[in-house]
Amino acid sequence: MALLEVSGITKDFRRGKKTVRAVDDVSFSIEQGQTMSLIGESGSGKSTVGRIVLGLLKPEQGNVVFDGKDLTSMSPRELRRVRSDLSVVFQEPYESLNPRMTVESIIGEPISIFSPEVSRTERRDRVVSVLEEVGLSSAVLKRHPADMSGGQQQRIGIARALIVNPKLIVLDEPTSSLDLTVRATILNLLKDLQKSHNLTYLFISHDIATVRFFSNTTAVMYMGRFMETGPAAQIIDEPQHPYSVALLSSTLSVDPDEKSVSKRLSGDIPSPATVFPGCPLYSRCPIAIPECNETPVPLRAITDERSAACIRLEQKVAAR
Ligand SMILES: Nc1ncnc2c1ncn2[C@@H]1O[C@H](COP(=O)(O)OP(=O)(O)OP(=O)(O)O)[C@@H](O)[C@H]1O
Ligand code: SF4
Ligand SMILES: [Mg+2]
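Residues numbered from 1 in each chain as written. Chains lettered and ligands numbered in written order. Predicted model: local features only at pLDDT ≥ 70, side-chain atom pairs only at ≥ 80, totals over all residues.

Re the environment of Arg-14
Checked against the element boundaries, Arg-14 lands in strand β1 (residues 4–15). Among the residues examined, Arg-14 registers 8 C-beta atoms within 10 Å and is labelled exposed. The spatial distance from the C-alpha of Arg-14 to the C-alpha of Ala-273 is 9.4 Å, given a sequence separation of 259 residues. (Helix = DSSP H or I, 4+ residues; strand = E, 2+ residues; numbered from the N terminus. Buried ≥ 20, exposed ≤ 12 C-beta atoms within 10 Å, placed from the backbone.)

Shown next as structure tokens:
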């Protein structure tokens, strides 16, 4: 059984009088020790999926089974117990680290929350040991985030995620605020930690080259839905869904943005509150036919390992 099994999750947010469907009927699983990535333009729902997996948001529909336990039906008390198996590393280390706290208290805080019985001395020993694992020493214990470089701050963020001995870490654009050389060292660190701790990652990124290097599987998201899923290298090298083709051809190794994706699709991204009777790409898709707009278009297998949400895809593959 996979470590994480997500089935049919849907999440709505109120925006004024309108409802925004941030995540729409999303399902996936991740085996222990593997990395799955989520890619897609800004606002496509990636972070919302991450927050649901972490138990920080409750989906309106669907469930999240982690290590055999259904997080979505747990009481807050039960959830608290499981939460220490799940950690997160955010995009902006400086914003996610409390500037008034020392490195020691930032990294040690999850122990105080999840294991208050641990003594101060043991807590400090564990902080020092995890600092060493992320390539820092006890010399930084009394420092504050503002005195450190971006790369060091993100090492602190990773140490904080690691100290509870999690099984799964959500990495929400963990390197996008860093410059290229620092980015590479942090990614290598995350890979090494994955191997040594048998960690499972849900990796959210705009950086396609990194996704290919870093993940086993990937899902392309658009307007809260999965458009295409499968082995990361196959999807990135040979996207099949019209949205994946537009997203991935707009970027080889740089961040995709809405303008460059829009050049390959007609029209702009619809308002997030739009309700679609059929495929959400209908108004922008270069190969749309009227049937695309009639009924929901679920993900269907297109090979043994890949799925896509497009009614024309079999025809497209066959015509090649
Ligand atoms: N707390 C919230 N309240 C209202 N709307 C929200 C909230 N969180 C997310 N949304 C909306 O849900 C949709 C998905 O947002 P989400 O942050 O998951 O996207 P994302 O793919 O992570 O984008 P980015 O790449 O910019 O981080 C967006 O339309 C966003 O405005
Ligand atoms: S279902 Fe239709 S509109 Fe949607 S991606 Fe496929 S061809 Fe385009
Ligand atoms: Mg996000």
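Points about the site of ligand 2
Lining the immediate environment of ligand 2, one finds Pro-242, Cys-279, Leu-281, Tyr-282, Cys-285, Ile-287, Ala-288, Cys-292, Val-297, Cys-310, Ile-311 and Arg-312. Looking at side-chain class alone, the shell around ligand 2 contains 11 nonpolar, no polar and 1 charged residues. (Near = placed C-beta within 6 Å. Nonpolar A, V, L, I, M, F, W, Y, C, P; charged D, E, K, R; others polar.)

What to know about unusual backbone geometry
Of note, Glu-173 is a non-glycine position whose phi angle comes to about 50 degrees, a positive value. Relative to the assigned elements, Glu-173 resides in the loop between β7 (168–172) and α7 (180–197). The phi torsion at Asn-198 lies on the positive side, around 50 degrees, for a residue other than glycine. Residue placement: Asn-198 occurs in the loop between α7 and β8 (200–204).

Examining the sheet that holds β8
With mixed pairing, 8 strands are arranged side by side in an open sheet as β6-β7-β8-β3-β9-β10-β12-β11. Each end of this open sheet is capped by a strand with a single partner; those strands are β6 (86–89) and β11 (300–301). Two elements, β11 and strand β12 (residues 307–308), share 2 bridges in a ladder whose sense is antiparallel. Directly across from Arg-300, in β12, lies its bridge partner Ala-308. In the packing of helix α1 (residues 46–53) onto the sheet, the strands contacted are β3 (35–39), β7, β8 and β9 (217–222), and the crossing angle to β8 comes to about 155 degrees. The strands touched by helix α6 (residues 150–162) are β6 and β7; relative to β6, the strand with the most contacts, the crossing angle is about 175 degrees. (Pairing = 2+ DSSP bridges. Contact = placed C-beta atoms within 7 Å. Axes fitted to C-alpha atoms, helices over the stretch in contact; angles between N-to-C directions.)

Re the nonpolar core
Core analysis: the biggest nonpolar cluster contains 80 residues, and Val-53, Ile-107, Ala-159, Ile-169 and Val-220 have the highest contact counts within it. Summarising the domain contributions, this core has at least three residues from each of domain 1 (1–85 + 170–179 + 196–320) and domain 2 (93–165). Leaving out residues up to four positions away in the same chain, Val-53 has contacts with Leu-4, Val-6, Val-64, Val-170 and Leu-202. (Core = buried A, V, L, I, M, F, W, Y, C linked by C-beta atoms within 7 Å. Domains from an automatic or database assignment.)

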